[in-house]
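Chains, contacts and geometry: an overview
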Amino acid sequence: MFVTMRSLAANAALSFLLFNAMLAQADETFSTKEQFKNPAKIPASIISHLTKEVGKSALASCSEHKPAELFEAELLSLNKSAKTYLVKPARTCLCSESTCPVWLYQMKSGAAKLIWNMPATSKVEVLDKKLNGYRKISEASSEATHGSESTWSWDRNSYTEIYKNEWHMDAEKKCRLGEETIQLMDGKMVNHTIKCTQD
């Protein structure tokens, strides 16, 4: 009886550990219009870089806030060792109606390095799939009449686009038309048109 109870407890503990490991490796999704669930303190070097990146005219539209108040960040685990910050505006004055810019910074020896950014997107997803030791990134934005989505992978120095789909609605046929770009295994980019199924 004691052995059975002990093995049941061991199985339960193992199941719990496996479940947590699966959660840790699951895709993570972030909306650019919602606050981060686990905000992290942004290093001063990132704030300094962002202030230059955004530009004076954009900062002027948010003049009632200090630069440090304009952004929020969340720490991401893209690989085993790199400390990476996903940064987005904390104020709507830096966004359009449905999209915001986002940046990915990697910290090394106290210095911030920009490794990826999108000037306008609605959603960022950190995927479980990896390339060159780093997790892939997907982003998407959509309006009623048009939208886009793209996937990015690590090229050992920064993130490079490996897939893109830009589409618009055909009002008459009520379906999406678009241009899709895919990177092949040899590095070549191939384009093709996505037509309505009725065509």
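For the structure, check the block above.
About the cut-offs
Residues numbered from 1 in each chain as written. Predicted model: local features only at pLDDT ≥ 70, side-chain atom pairs only at ≥ 80, totals over all residues. Heavy atoms only, no water. Pairing = 2+ DSSP bridges. Helix = DSSP H or I, 4+ residues; strand = E, 2+ residues; numbered from the N terminus. Axes fitted to C-alpha atoms, helices over the stretch in contact; angles between N-to-C directions. Contact = heavy atoms within 4.5 Å. Buried < 20%, exposed > 50% of the residue type's maximum accessible area, 1.4 Å probe, protein only.

**Observations concerning the sheet that holds strand E9 (residues 146-154)**
If you trace the seven strands from one edge of the open sheet to the other, you get E1-E7-E8-E9-E10-E11-E12, paired in antiparallel fashion. A strand with exactly one partner marks an edge of an open sheet, and here the two such strands are strand E1 (28-31) and strand E12 (189-194). Neighbour-to-neighbour, the strand axes of the sheet open up by a mean angle of 15 degrees, direction not taken into account. Across six bridges, strand E7 (residues 123-131) lies against strand E8 (residues 134-142) in antiparallel orientation. In the sheet register, Val 126 faces E8, and the bridge partner there is Ile 137.

**Details of the sheet that holds strand E4 (residues 83-89)**
With respect to topology, five strands assemble into an open sheet ordered E2-E3-E4-E5-E6, the strand pairing being antiparallel. Of all the strands in the sheet, the pair left with one neighbour each is strand E2 (39-40) and strand E6 (111-121). Here five bridges tie E4 to strand E5 (residues 100-108), and the two strands are oriented antiparallel to one another. Residue pairing in the sheet places Tyr 85 in a bridge with Tyr 105 of E5. Relative to the sheet, helix H2 (residues 44-54) contacts strand E3 (71-76), E4, E5 and E6, its axis offset from that of E5 by approximately 145 degrees.

**A closer look at unusual backbone geometry**
Excluding glycine, a negative phi dihedral is what most residues carry, and trans is how most peptide bonds are arranged. One non-glycine residue, Ser 109, lies in positive phi territory at about 55 degrees. For Ser 109, a relative accessible area of 85% translates into the label exposed. The backbone of Arg 156 shows a phi angle near 80 degrees, a positive value even though the residue is not glycine. Positionally, Arg 156 belongs in the loop between E9 and strand E10 (159-170). Classification of Arg 156 as exposed rests on a relative accessible area of 64%.

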